[in-house]
Amino acid sequence: MTASAQRGRVLIIAGSDSGGGAGIQADIKTVTALGGYAATAITALTAQNTRGVFGVHDVPADFIVQQIDLVLDDIGADVVKTGMLSKPEAIEAIARALEQRSPRLPLVVDPVMVAKGGHKLLDDAAHAALLGRLIPMAWLVTPNLPEAEALTGLAVNDVDGMIAAGQVLMARGSKAVLVKGGHLVGPRLVDVLITADGVETFEQERIDTTSTHGTGCTLASAIATGLAQDLPVKEAVARARRYVRQAILSAPGFGHGHGPLNHGHTVRPFGATG
């Protein structure tokens, strides 16, 4: 891909994954595969692999903001995507920086709370800051079912519950919510997109695999890339889901736990979702 072929600048504010399957590493691979340009502000370093997270080193809030400022000053961004944000002071600093620098810039919030292996990535104070500061600024929030329950206090165990949770998060200020149904039981996987225009469901056959590490990060970054390339949110979600599905189906099979996806797989970089 030539430099001139790249379209859509995505500033990713998230943590690093030493195993390369999730976090900043997955985000950069995803944006690049879909024809966009990825810039980053790293919020934390993690020591992890496919078996779990074994250590977290948080980046000071002022240094996170310095990364954001320098990227926006020089390269700019069309969309901002947030991932792992483990400390309330970091969330507050990021929210303030975005309000001051780019209040109209679309923001995709992936509310990363627990790693695939079960390690808690968000403390209670950070949870409150995420809910009170970033979600009201979001164009799109992408919780899975446990995250939707934690953010809304609702029991979410079916499509109706997903819709209700999405509506609660929209009432808190987000322009749209994609509730991911991977934790539902059954042979079909259902995700639900709630916007001001109504409810859209996306359904497909569930894939029986352990190659699922970083699926949330990947999906959110793929959607952010679509938005940066001027796709409407429904089309951005549809293309992102197609990309993630193919990346799972062609996963390399690395590791002994929840393995990574094949981020090198791509779909049409921009335009139609087919």
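An account of the accompanying structure is given in this report.

What counts and what doesn't
Counting of residues starts from 1 at the beginning of each chain's written sequence and follows it residue by residue. Residue-level local features of this predicted model are given only where pLDDT is at least 70; pairs of side-chain atoms are given and counted only at 80 or more, and the full residue set underlies all totals for whole chains, interfaces and linings. The basis for the side-chain values is all heavy atoms of the structure; hydrogens and waters are excluded. Per the convention used, a helix needs a DSSP run of H or I reaching at least four residues, while a strand needs a run of E reaching at least two, with both numbered from the N terminus. Polar contact criterion, stated in full: a pair of N or O atoms within 3.5 Å, where within protein one must be able to donate a hydrogen and the other to accept it, and residues adjacent in sequence count only if both atoms are side-chain atoms. With a 1.4 Å probe rolled over the protein chains alone, any residue whose accessible area is under 20% of its type maximum counts as buried; one over 50% counts as exposed, and the rest are partly exposed. Between any two strands, pairing holds if DSSP finds at least two bridges. Simply put, an axis is a line fit to the C-alpha atoms, just over the touching stretch for a helix, and the angle between two N-to-C directions goes from 0 to 180 degrees. Each angle receives one of four descriptions, namely roughly parallel if under 35 degrees, roughly antiparallel if over 145, roughly perpendicular if within 65 to 115, and oblique otherwise. Handedness of a crossing is defined here by the sense of rotation of the near helix relative to the far one, left-handed for an anticlockwise turn of less than a right angle and right-handed for a clockwise turn. The contact definition used throughout considers only heavy atoms, calling two residues in contact when any of these lie within 4.5 Å. Residues are grouped as follows: Ala, Val, Leu, Ile, Met, Phe, Trp, Tyr, Cys and Pro are nonpolar; Asp, Glu, Lys and Arg are charged; every other residue, Gly included, is polar. Definition used for salt bridges: Asp or Glu carboxyl oxygen within 4 Å of a side-chain nitrogen of Lys or Arg. Nonpolar cores were defined as sets of buried Ala, Val, Leu, Ile, Met, Phe, Trp, Tyr and Cys residues, with membership established by side-chain atoms within 4.5 Å.

## With respect to the environment of Asn49
(1) Moving on: Structurally, Asn49 is set in strand 2 (residues 37-49).
(2) Moving on: Linking Asn49 and Gly21, residues 28 residues apart in sequence, is a C-alpha distance of 8.2 Å.
(3) Moving on: Reaching out from Asn49, the side chain makes a polar contact with the backbone nitrogen of Arg51 at a distance of 2.8 Å.

## Digging into the pairing of strand 7 (residues 176-179)
(1) Moving on: On strand 7, burial covers both faces: Ala176 and Leu178 on one face and Val177 and Val179 on the other are all buried.
(2) Moving on: Where strand 7 meets strand 8 (residues 188-195), four bridges bridge the pair, whose relative direction is antiparallel. The partner of Val179 across the bridge, within strand 8, is Val192.

## A short note on the packing of helix 1 (residues 23-33) against helix 7 (residues 215-228)
(1) Moving on: Their axes nearest at 9 Å, the elements helix 1 and helix 7 cross at an angle of 40°. On the basis of their axis angle, the class for helix 1 and helix 7 is oblique. You can see that helix 1 and helix 7 cross each other, and the crossing is right-handed. Between helix 1, through Gly23, Ala26, Asp27, Thr30 and Val31, and helix 7, the contact on the second element is made entirely by Cys217, Thr218, Ser221, Ala222 and Thr225.
(2) Moving on: Considered class by class, the residues forming the contact of helix 1 with helix 7 number four nonpolar, five polar and one charged.

## Topic: the pattern of salt bridges
(1) Moving on: Evaluated as defined, the whole model comprises 12 salt bridges.
(2) Moving on: One salt bridge in this structure joins Asp73 and Arg101, with 2.6 Å as the shortest N-O distance. One end of the pair, Asp73, is in helix 2 (residues 61-74); the other, Arg101, is in helix 3 (residues 88-101), with 28 residues separating them in the sequence.
(3) Moving on: Judged by its relative accessible area of 34%, Arg101 falls in the partly exposed class.
(4) Moving on: Taking the shortest distance from any N to any O, the salt bridge between Arg133 and Glu92 comes out at 2.8 Å.

## Some thoughts on the nonpolar core
(1) Moving on: Counting 43 residues, the largest nonpolar core has Leu11, Ile13, Ile68 and Leu134 as its most contacted members.
(2) Moving on: The contact partners of Leu134, leaving out residues within four places of it in the chain, are Thr82, Leu85, Ile91, Ala95, Leu107, Val109 and Ala129.
(3) Moving on: With 32 residues, the next largest nonpolar core counts Ile12, Val108, Ala236 and Val237 among its residues.

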